[in-house]
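Chains, contacts and geometry: an overview
Each chain, written out:
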Amino acid sequence: MACNLVGGIPLGCRDNAGGVKTVWITDWDNIESITVNSNDPLTGSVVTNISGTGVFYQFDLIRTTSEVVENINASLPNGTVYYEQNLTTFFAKLEQYKRNILKALAQSQRMGVVIETNNGSYWLLGETYGCFVSGGSTNTGKALGDATGYNINLQGLEPNPMAELSGPLDSILSGMTISF
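Since the structure is predicted, the reported quantities are computational estimates derived from the model, not experimental observations. (Residues numbered from 1 in each chain as written. Predicted model: local features only at pLDDT ≥ 70, side-chain atom pairs only at ≥ 80, totals over all residues. Heavy atoms only, no water.)

**Considerations on the overall build of the protein chain**
As a reminder of what qualifies: Under the scheme used here, helices are H or I runs from DSSP no shorter than 4 residues and strands are E runs no shorter than 2 residues, and both carry numbers assigned from the N terminus. Based on C-alpha atoms, the radius of gyration is set beside the globule rule, defined as 2.2 Å times the residue count to the power 0.38. Throughout this description, buried means an accessible area under 20% of the type-specific maximum (1.4 Å probe, protein chains only), exposed means over 50%, and partly exposed covers the range between. Here, residues are in contact when the closest pair of their heavy atoms is within 4.5 Å. All tallies of charge rest on Lys and Arg as positive and Asp and Glu as negative; His and the ends of each chain are not included. By convention, the charge on Lys lies at NZ, on Arg at CZ, on Asp at CG and on Glu at CD.
Scanning the protein chain from N- to C-terminus turns up 2 helices and 11 strands. For the protein chain, the succession of helices and strands along the chain, N to C, is β-β-β-β-β-α-β-β-β-β-β-α-β. The C-alpha atoms of the protein chain give 18 Å as radius of gyration, which agrees with the globular expectation for 180 residues (16 Å, within 12%). Of all 180 residues assigned to the protein chain, the portion counted as buried reaches 33%. At a minimum sequence separation of 6, the contacts of the protein chain that also span at least 24 residues come to 69%. Between the averaged position of the 9 positive side-chain charges in the protein chain and that of its 16 negative side-chain charges there is a distance of 14 Å.

Laid out in structure tokens, this is it:
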């Protein structure tokens, strides 16, 4: 298999916005199949369908509190490359129902995770193996104006980088629903 370059990257415009707006999470067992269009090496690897049964639960995020960082891990002597996908989220205010939901997330072995960025694009994390909670913290703050809430980190260890969805999550789901 040839591993030749397929194109370059132009500079582009300054019309970019950082951060994650919304996260949807489902139990990995709810997903039956993920359809990825990978015909074109430049525009391929776009997720066009996620089918299954069950619910993708929506987690709304506060502006400027959450991000995804995807690290490329490569070993020349081993001939390996894998991608470490790290989603860091913050949920303000300590509340029992949030505690219970985040506890259940932490105990889950594998989850399907979709994010919407502040640019309005949608991305699938954990496409092959799913994601898991890799850490987090609960914080009360010290001063009256300090942040109080939950930091949760979800991680995927994948053979490929995260793939963009061809549209909003609700437009590519087959047999699954979205709920809070």
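Next comes the rest of the write-up.
**Observations concerning unusual backbone geometry**
The phi torsion at Thr64 lies on the positive side, around 65°, for a residue other than glycine. Tracing the backbone through its elements, the reader meets Thr64 in the loop between strand S3 (46–60) and strand S4 (67–75). Residue Thr64 is classed as exposed on the basis of its relative accessible area of 79%.

**With respect to the nonpolar core**
Keep this limit in mind: Residues enter a nonpolar core if they are buried and are Ala, Val, Leu, Ile, Met, Phe, Trp, Tyr or Cys, with the set joined through side-chain atoms within 4.5 Å.
Of all hydrophobic cores here, the largest spans 18 residues; its most connected members are Val23, Ile25, Leu87, Val113 and Leu154. Looking at this core, the elements with two or more residues in it are strand S1 (20–27), strand S5 (80–92), helix H1 (96–107), strand S6 (111–117), strand S8 (131–139) and strand S9 (149–158). Among residues more than four places away in sequence, those in contact with Leu87 are Val20, Val23, Glu67, Val68, Val113, Ile115, Leu125, Ile152, Asn153 and Leu154.

**Some remarks on the pairing of S5**
Here is the key point about a regular strand: its side chains alternate between the two faces of the sheet. Note the threshold: A pair of strands is considered paired only if DSSP assigns at least 2 bridges between the two.
Strand direction decides the pairing type here: S4 and S5, joined by 9 bridges, are antiparallel. Counterpart to Asn73 in the pairing with S5 is Tyr82. Relative to S9, S5 is paired through 10 bridges, and the arrangement is antiparallel. Within S9, the residue paired with Thr89 across the bridge is Ile152.

**Digging into H1**
The condition that has to hold: To estimate the expected span of a helix, count its residues, drop one, and scale the result by 1.5 Å. Throughout, the arc means that of the directions going from the helix axis to the C-beta atoms.
The first and last C-alpha atoms of H1 sit 17 Å apart over 12 residues, in line with the 16 Å expected at 1.5 Å per residue. Taken residue by residue, H1 has Lys98, Leu102 and Leu105 as its buried positions. Within H1, the buried residues cover an arc of 50° as seen down the axis, which keeps them to one side. Among the exposed residues of H1, those oriented more than 90 degrees off its buried face are Gln96, Tyr97 and Gln107. Tucked inside the fold, the buried residues of H1 contact S1, S3, S5, S6, S8 and S9.

This is a description of form; function is not addressed.
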